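One letter stands for each residue in the lines below.
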Amino acid sequence: NAGVTQTPKFRVLKTGQSMTLLCAQDMNHEYMYWYRQDPGMGLRLIHYSVGEGTTAKGEVPDGYNVSRLKKQNFLLGLESAAPSQTSVYFCASSYERGTAKNIQYFGAGTRLSVL
Amino acid sequence: DQQVKQNSPSLSVQEGRISILNCDYTNSMFDYFLWYKKYPAEGPTFLISISSIKDKNEDGRFTVFLNKSAKHLSLHIVPSQPGDSAVYFCAASAGKSGAGSYQLTFGKGTKLSVIP
């Protein structure tokens, strides 16, 4: 049981390049989330999904797109990376029927640098 | 506008003593509160939670206290151990929101250092 797995762990991009971050969970969770963590800022929600085929905007969605084509996967895309998107990105998931809806389980993070 | 505040960026405690981490919130709609622990280069790990219908929840060395009238919660770690050294995040949920998810609002974290 791996929990929440994020790939890649590290990435360096040049301004204007695109990339996709992959999140996979094996806990049969309904909800999935993408956060970014910046120094002194805590965790801020980018986008989230309440089920396969659904996505919604969080607190800081600009410059990002997401897709959830399969229940276990949640992809975060950067179409044209900017230095302001240098951050650590965390994926989380929560809620299988019969369990607490509020408790989110996190992946190990992706450290992204945009030069 | 920060809805969840952790006003102490850092805290140092001697091994064996009590660690008290504090968290204040402003949104009266929050009804569920969580603490997460984060080690460097790892993701946050769920530690303990409390519903707004309770004022205390215990799990081994960890106890969370909730004072709804003061909109304040605290995490007590007794006794503190060097392995407890980490960043602790307070988070709050207002139940079903947005497109139907149970979103969490996080504080900025408190870095706890337990000195051997």
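Above this text you will find the structure in question.
Below, the structure is looked at part by part. (Residues numbered from 1 in each chain as written. Chains lettered and ligands numbered in written order. Predicted model: local features only at pLDDT ≥ 70, side-chain atom pairs only at ≥ 80, totals over all residues. Heavy atoms only, no water.)

**As for unusual backbone geometry**
Outside of glycine, negative phi angles account for most residues, and trans bonds account for most peptide bonds.
1) Next: Of note, the amide linkage connecting A:Thr7 to A:Pro8 takes the cis form, showing an omega dihedral of -5 degrees.
2) Next: Relative to the helices and strands, A:Pro8 resides in the loop between strand S1 (4-7) and strand S2 (10-13).
3) Next: Cis rather than trans, the peptide bond between B:Val78 and B:Pro79 has omega equal to -10 degrees.
4) Next: Its location among the elements puts B:Pro79 in the loop between strand S8 (72-77) and strand S9 (86-93).
5) Next: A positive phi angle, near 60 degrees, is found at A:Asn28, a position not held by glycine.
6) Next: Here A:Asn28 lies in the loop between strand S3 (19-25) and strand S4 (31-38). (Helix = DSSP H or I, 4+ residues; strand = E, 2+ residues; numbered from the N terminus.)

**Notes on the sheet that holds S8(B)**
Residue and element names in this part refer to chain B.
1) Next: Taken together, five strands build an open sheet; the order of strands is S1-S3-S8-S7-S6 and the sheet is antiparallel. Of all the strands in the sheet, just strand S1 (4-5) and strand S6 (56-59) have a single pairing partner and so form its edges.
2) Next: Summarising the sheet, S6 and strand S7 (residues 62-67) pair through four bridges and their orientation is antiparallel. Paired with aspartate 59 across the two strands is phenylalanine 62, which belongs to S7. (Pairing = 2+ DSSP bridges.)

**A closer look at the interface of chain A and chain B**
The figure often quoted for interface size is the accessible area lost as the parts come together.
1) Next: On the chain B side, the residues contacting the 20 residues of chain A number 23 residues.
2) Next: By the criterion of area lost to chain B, the three top residues of chain A are A:Leu43, A:Asn102 and A:Ile103, representing 29% of everything that side buries.
3) Next: Where chain A meets chain B, there are zero salt bridges.
4) Next: Between chain A and chain B we count three residue pairs in polar contact (both at pLDDT 80 or more) in total.
5) Next: Going through the elements one at a time, S4 and strand S5 (42-49) of chain A are the ones with two or more residues in the side of chain A that touches chain B. (Contact = heavy atoms within 4.5 Å. Buried area = accessible area lost by both parts, 1.4 Å probe. Salt bridge = Lys/Arg side-chain N within 4 Å of Asp/Glu carboxyl O. Polar contact = N/O pair within 3.5 Å; in protein donor to acceptor, adjacent residues only side chain to side chain.)

This is a description of form; function is not addressed.
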